[in-house]
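Each chain, letter by letter, is given below.
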Amino acid sequence: MFELERHKPERGIVVIFGASGDLTRRKLAPALYNLARQNLLPDGTVVVGYGRTEMTDEVFRNRLGESVSTFSRTQPIESDIWNALARRMFYQRGSYDGGDAYPALHRRLLELDERFGTGGNRIFYLAVPPGVVPAILRNLSSVGSLERRRRCDEGTCYLRVVFEKPFGHDLESARRLSNEIDRLLEEPQIFRMDHYLGKETVQNISVLRFANSIFEHVWHSASVRYVRVTVAETLGVEGRGGYFDSTGILRDILQNHVLQLLTLVTMEPPASLSADAIRDEKAKVLRCLRPLEGEEVVRSVARGQYGRGVVDGVEVPAYREEEGVDPNSATETFVGLRTYIDNWRWAGVPVYLCAGKRLAQALTEVSIEFKEAPRVLFGAMEGVELKPNRLTLRIQPDEGVSLRFASKVPGLKMELRDVEMDFPYGSAFPAASPEAYERLLLDVMGGNSALFARRDEVELAWQFATSILEGWQKRPPPEFPNYAPGTWGPVSAERFFAEGASYADAGDR
Ligand code: BG6
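Note that the coordinates shown come from a computational prediction; the quantities given were computed from them, not determined experimentally.

### Some points on the overall build of the protein
So, point 1. Helix and strand counts for the protein come out as 16 helices and 16 strands.
So, point 2. Here the C-alpha atoms of the protein give a radius of gyration of 24 Å, agreeing with the 23 Å that 2.2 N^0.38 yields for 509 residues.
So, point 3. Dimensions of the protein, computed from the C-alpha atoms along their principal axes, are close to 80 × 50 × 45 Å.
So, point 4. By the burial criterion, 56% of the 509 residues in the protein qualify as buried.
So, point 5. Looking at the protein alone, contacts between residues at least 24 apart form 77% of all its contacts between residues at least 6 apart.
So, point 6. Accessible surface for the protein amounts to roughly 22,100 Å². Of this, 52% is attributable to carbon and sulfur atoms.
So, point 7. Between the mean site of the 64 positive side-chain charges and the mean site of the 71 negative ones, the protein shows a separation of 1 Å.

### Notes on the site of the ligand
So, point 1. Inspection of the region around the ligand gives Lys165, His195, Tyr196, Lys199, Glu233, Arg240, Asp252, His257, Lys357 and Gln396 as its neighbouring residues.
So, point 2. Here an oxygen atom of the ligand sits 2.8 Å away from a polar atom, N or O, in the side chain of Lys165.
So, point 3. Interatomic distance of 2.6 Å between a side-chain N/O atom of Gln396 and an oxygen atom of the ligand.
So, point 4. Look at the ligand: alone it shows 400 Å² of surface, and the protein chains cover 76% of it.

### Topic: the sheet that holds strand 13 (residues 363–370)
So, point 1. Pairing in this open sheet of eight strands is mixed, and the strands run 8-11-12-7-13-14-15-16 from one edge to the other. Since the sheet does not close on itself, it has two edges, and those belong to strand 8 (301–304) and strand 16 (416–424), each with one partner. Here the strands of the sheet are splayed against their neighbours by 15 degrees on average, with no regard to which way each runs.
So, point 2. As paired elements, strand 13 and strand 14 (residues 390–396) share six bridges and run antiparallel to each other. Within the sheet, the bridge partner assigned to Glu369 lies in strand 14 and is Arg390.
So, point 3. This element, helix 10 (residues 248–266), spans strand 7 (224–232), strand 11 (334–340), strand 12 (350–356), strand 13 and strand 14 of the sheet and lies at about 140 degrees to strand 12.

### Focus: the pairing of strand 5 (residues 159–163)
Looking along a regular strand, one sees side chains alternate from face to face of the sheet.
So, point 1. Burial analysis of strand 5 places five of its five residues in the buried class, which makes it a mostly covered element.
So, point 2. Judged by which residues are buried, strand 5 turns out to be covered on both faces: Leu159, Val161 and Phe163 on one side and Arg160 and Val162 on the other are all buried.
So, point 3. Of the strand pairs in this sheet, strand 4 (residues 122–126) and strand 5 are connected by five bridges, and their pairing is parallel. By the bridge assignment for strand 5, Ile123 is matched with Arg160.
So, point 4. Pairing of strand 5 with strand 6 (residues 190–192) involves three bridges; the strand directions are parallel. Residue pairing in the sheet places Val161 in a bridge with Ile190 of strand 6.

### Focus on unusual backbone geometry
So, point 1. Cis geometry marks the peptide bond from Lys165 to Pro166; its omega dihedral reads 0 degrees.
So, point 2. Assignment of secondary structure puts Pro166 in the loop between strand 5 and helix 7 (171–184).
So, point 3. A cis amide bond links Gln396 to the next residue, Pro397, at an omega of -20 degrees.
So, point 4. Residue position: Pro397 is located in the loop between strand 14 and strand 15 (400–408).
So, point 5. Despite not being glycine, Glu238 has its phi angle at roughly 45 degrees, a positive value.
So, point 6. Along the polypeptide, Glu238 turns up in the loop between strand 7 and helix 9 (241–245).
So, point 7. Residue class for Glu238 comes out partly exposed when judged on its relative accessible area of 47%.
So, point 8. The phi dihedral of Arg358 is positive, around 55 degrees, even though this residue is not glycine.
So, point 9. Assignment of secondary structure puts Arg358 in the loop between strand 12 and strand 13.
So, point 10. What makes Arg358 buried here is its relative accessible area of 11%.

### A short note on a nonpolar patch on the surface
So, point 1. On the surface, Val376, Leu377, Phe378 and Met414 cluster together into a nonpolar patch covering about 420 Å² of accessible area.
So, point 2. Tracing the chain through its elements places Val376 in the loop between strand 13 and strand 14.

### Some remarks on the pairing of strand 1 (residues 13–17)
So, point 1. Of all five residues in strand 1, five are buried; the element is thus mostly enclosed.
So, point 2. What you see with strand 1 is no split at all: Ile13, Val15 and Phe17 on one side and Val14 and Ile16 on the other are buried throughout.
So, point 3. Taken together, the five bridges between strand 1 and strand 4 define a ladder with parallel strand orientation. Bridge pairing in strand 4 places Val15 opposite Phe124.
So, point 4. In terms of strand pairing, strand 1 meets strand 2 (residues 46–51) through five bridges, oriented parallel. Within strand 2, the residue paired with Phe17 across the bridge is Tyr50.

### Re the pattern of salt bridges
So, point 1. Under the definition given, this model contains 39 salt bridges.
So, point 2. Here Asp342 makes a salt bridge to Arg290, at a shortest N to O gap of 2.9 Å. Residue Asp342 is located in the loop between strand 11 and strand 12, and its partner Arg290 is located in the loop between helix 11 (275–288) and helix 12 (295–300); the two are separated by 52 residues in the primary sequence.
So, point 3. The exposure class assigned to Asp342 is partly exposed, which follows from its relative accessible area of 40%.
So, point 4. By sharing partners, the salt bridges in this structure join Asp276, Arg279, Asp280, Arg287, Arg454 and Asp456 into a single network.

### Considerations on the packing of aromatic side chains
So, point 1. A complete count under the given rule lists 19 aromatic pairs for this structure.
So, point 2. Taking 6.3 Å as the distance between ring centres and 50 degrees as the angle between the ring planes, the aromatic pair formed by Phe17 and Phe124 counts as tilted. With Phe17 in strand 1 and Phe124 in strand 4, this pair connects stretches of sequence that are 107 residues apart.
So, point 3. Of the residues examined, Phe17 reaches a relative accessible area of 0% and is grouped as buried.
So, point 4. The exposure class of Phe124 is buried, given its relative accessible area of 0%.
So, point 5. Measuring from ring centre to ring centre gives 5.4 Å for Tyr50 and Tyr102, while their planes differ by 35 degrees; the resulting arrangement is tilted. Within this pair, whereas Tyr50 is found in strand 2, its partner Tyr102 is found in helix 4 (residues 101–116), the two being separated by 52 residues in sequence. Tyr102 carries the same exposure label as Tyr50, and that label is buried.
So, point 6. Lying across the ring of Tyr196, Lys199 places its NZ or CZ 4.6 Å from the centre.
So, point 7. The ring of Tyr306 has Arg358 sitting right over it, with the charged end atom 5.7 Å from the ring centre.

Definitions and cut-offs
Residues numbered from 1 in each chain as written. Predicted model: local features only at pLDDT ≥ 70, side-chain atom pairs only at ≥ 80, totals over all residues. Heavy atoms only, no water. Helix = DSSP H or I, 4+ residues; strand = E, 2+ residues; numbered from the N terminus. Rg over C-alpha atoms; globule rule 2.2 N^0.38 Å. Buried < 20%, exposed > 50% of the residue type's maximum accessible area, 1.4 Å probe, protein only. Contact = heavy atoms within 4.5 Å. Areas by Shrake-Rupley, 256 points an atom, 1.4 Å probe, with all protein chains shown as cover. Lys, Arg positive; Asp, Glu negative; His and termini not counted. Charge placed at Lys NZ, Arg CZ, Asp CG, Glu CD. Near = heavy atom within 4 Å. Polar contact = N/O pair within 3.5 Å; in protein donor to acceptor, adjacent residues only side chain to side chain. Pairing = 2+ DSSP bridges. Axes fitted to C-alpha atoms, helices over the stretch in contact; angles between N-to-C directions. Patch = residues over 30% accessible without salt bridge, like charges linked within 9 Å, V, L, I, M, F, W, Y side chains within 5 Å. Salt bridge = Lys/Arg side-chain N within 4 Å of Asp/Glu carboxyl O. Phe/Tyr/Trp six-rings, centres within 6.5 Å; stacked < 30°, edge-to-face > 60°. Lys NZ or Arg CZ within 6 Å of the ring centre and 35° of its normal.

Set out below in structure tokens:
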């Protein structure tokens, strides 16, 4: 998607804050390696890690080497490619809130520019908790590392800053953060990461809708019965209990990944493939998303927290027993809700959004269920129970697109059954898809922001999520835990999903 828009990346220095953290190990280092392996990383790209852990360049390189061997999607590692990249990797120890380390970092970046010809091009990748972001920006600015913006305006080099999610904690904190950032950077320099936008199948949503003629004719309230977005995980909090307990699934997944998927599926055709044209349309959807406030939070939102249980024969702890989680925690690990997009295209069509941990199946998908065929011909036949047509975009795993429709069962009787017409990515395109982080890092290097969220989108999404959070705060939390691992969430979620939409095609209850 948006290939026409993409600029060719130029070499520069990628400075990773949070270089000793999990994201760097699991995602960023493997993505850099795989870009180099595909010959997509601009020649001479330099990587500088910044973190609180004391280590030498050599130790940093070895640690990232081990991470790449463990987490790279391609194996075995091609050592000549890794070694060439590792030789241009450096490490700078320092605290985030100031001290000598920032001037030292600044000097080092200038030296590396001289040595590797990176021309002052900078990407600061902030793979750190949001609380330390303002301090990092202020410190970078005070030593002159953000000053390059002026030269960038003249088009001689680039300065870009990548912000990992969560981008704020609620509407107010997101606004405060954006105000801080806007004081130092221009919008085209700001890359707000939502890694779902880099997934192949997510990029394909727009292709499916706008490169084909058949779908748009039925893509509206006259034909669609409901739209549903599900992000279901079987995993628990996986060692991130501390972070998750102060976040919850509404903030962690629904506010960003789920709403981003929804906007791509329901937006109007953009005027062009430019980043702003696309983001204008996504923001319009969010503007029309019906807020759930007051009593509506009780009627239309279900929240849950998993208890202890057995998944695939293995006993798993309750959420409250996970490391780093308050034993009396009222944080939700499941959210399911029903809302509407109050615009011309979608008026009256229920939108179901669901995200949860420790659910029955790991699957992310978008379903569009169509209205039933008139019950006059086959639908009126005795014994025939036809399900409505349903188009499912399987984002992961088992990536693909499938369409449910009725078919005659071969034989002399007139018997009907639902069948699935399936397009599986895996067999249609044998080459393995790149990881989302490869696509997104490359786009940052090329200055392409189509797959990144803009300030207004982020704030509109927070506005929606914050009204639910406020509604929850006004009421005592439900009796937690209220669902068992390996199920489809709390019973309270069934009341609106039972209207016709079960959570997931593969997970019908
Ligand atoms: C992250 C969330 O943004 O996305 C995690 O913080 C979640 O809680 C993860 O597990 C899911 O990403 P993916 O790519 O594995 O679906």
